[in-house]
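So the chains spell out like this:
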Amino acid sequence: MHYGDVTSALIQERIRTCENACDELIAVSENCADACLALPGDGEITACFLADLYCVEIAAVTIRVLSWTTNINRTAAISVLDACVEACTASAVACERMAQLYPSWKTCTGACHRLSNTCTELLVALTVR
């Protein structure tokens, strides 16, 4: 991806780290959503399934928006990163609940926390002038 000469090295590094965390989360959350489909449905399973899918979609959008981010154009990146943190938090909560209900549940919670942390680190870099 091309970030242009107008982005700082720190921001470029954090963008790459965030994009990698998005890729990881997408794979893990899609597997988690698949696992939800294998269970007989109830409200908790539906909540986890939807939280996983929302997180997958927000992560995919985050990757696209970050690929266009420059020092001049930060507003969209900041907005999508905020949304990504919120989606990761909701997905982690839903998956933690599933782990309580189904002890053998493999959650995407770790990937959610990693992505949330990388988004937050990038937000800090983008909002400091």
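Nothing here was measured: the structure is a model prediction, and the numbers come from that model.

### Details of the packing of helix 3 (residues 75–101) against helix 4 (residues 109–127)
Part 1 of the argument: The interhelical angle for the contact between helix 3 and helix 4, taken along N-to-C directions, is 160 degrees, at an axis separation of 9 Å. Accordingly, the angle class assigned to the pair helix 3 and helix 4 is roughly antiparallel. Crossing geometry of helix 3 relative to helix 4 is assigned as left-handed. Only Thr109, Cys112, His113, Leu115, Ser116, Cys119, Thr120, Leu122, Leu123, Leu126 and Thr127 of helix 4 make contact with helix 3, whose side of the interface consists of Ala77, Ile78, Leu81, Asp82, Cys84, Val85, Cys88, Ser91, Ala92, Cys95 and Glu96.
Part 2 of the argument: Grouping the constituent residues of the contact of helix 3 with helix 4 by class yields 14 nonpolar, six polar and two charged.

### Description of the pattern of salt bridges
Opposite charge on two side chains makes pairing possible when the charged atoms of those side chains draw close.
Part 1 of the argument: Throughout the structure, instances matching the rule amount to two salt bridges.
Part 2 of the argument: When the shortest N-O distance is used, the salt bridge between Arg97 and Glu44 registers 3.5 Å. Residue Arg97 is located in helix 3, and its partner Glu44 is located in helix 2 (residues 43–66); the two are separated by 53 residues in the primary sequence.
Part 3 of the argument: Taking relative accessible area as the criterion, Arg97 reaches 34% and is therefore assigned partly exposed.
Part 4 of the argument: Note on Glu44: relative accessible area 31%, which makes it partly exposed.

### Some thoughts on the environment of Leu66
Part 1 of the argument: Structurally, Leu66 can be placed in helix 2.
Part 2 of the argument: Considered as a pair, Leu66 and Gln12 are 54 residues apart in the sequence and their alpha carbons are 9.5 Å apart.

### Notes on the packing of aromatic side chains
Part 1 of the argument: Under the criterion given, the structure shown has one aromatic pair.
Part 2 of the argument: Measuring from ring centre to ring centre gives 6.2 Å for Tyr102 and Trp105, while their planes differ by 45 degrees; the resulting arrangement is tilted.
Part 3 of the argument: A relative accessible area of 26% means that Tyr102 is categorised as partly exposed.

So, how was this worked out
Residues numbered from 1 in each chain as written. Predicted model: local features only at pLDDT ≥ 70, side-chain atom pairs only at ≥ 80, totals over all residues. Heavy atoms only, no water. Axes fitted to C-alpha atoms, helices over the stretch in contact; angles between N-to-C directions. Helix = DSSP H or I, 4+ residues; strand = E, 2+ residues; numbered from the N terminus. Parallel < 35°, antiparallel > 145°, perpendicular 65-115°, else oblique. Left-handed = near helix turned anticlockwise from the far one by under 90°. Contact = heavy atoms within 4.5 Å. Nonpolar A, V, L, I, M, F, W, Y, C, P; charged D, E, K, R; others polar. Salt bridge = Lys/Arg side-chain N within 4 Å of Asp/Glu carboxyl O. Buried < 20%, exposed > 50% of the residue type's maximum accessible area, 1.4 Å probe, protein only. Phe/Tyr/Trp six-rings, centres within 6.5 Å; stacked < 30°, edge-to-face > 60°.

Keep in mind these numbers describe shape, not what the thing actually does.
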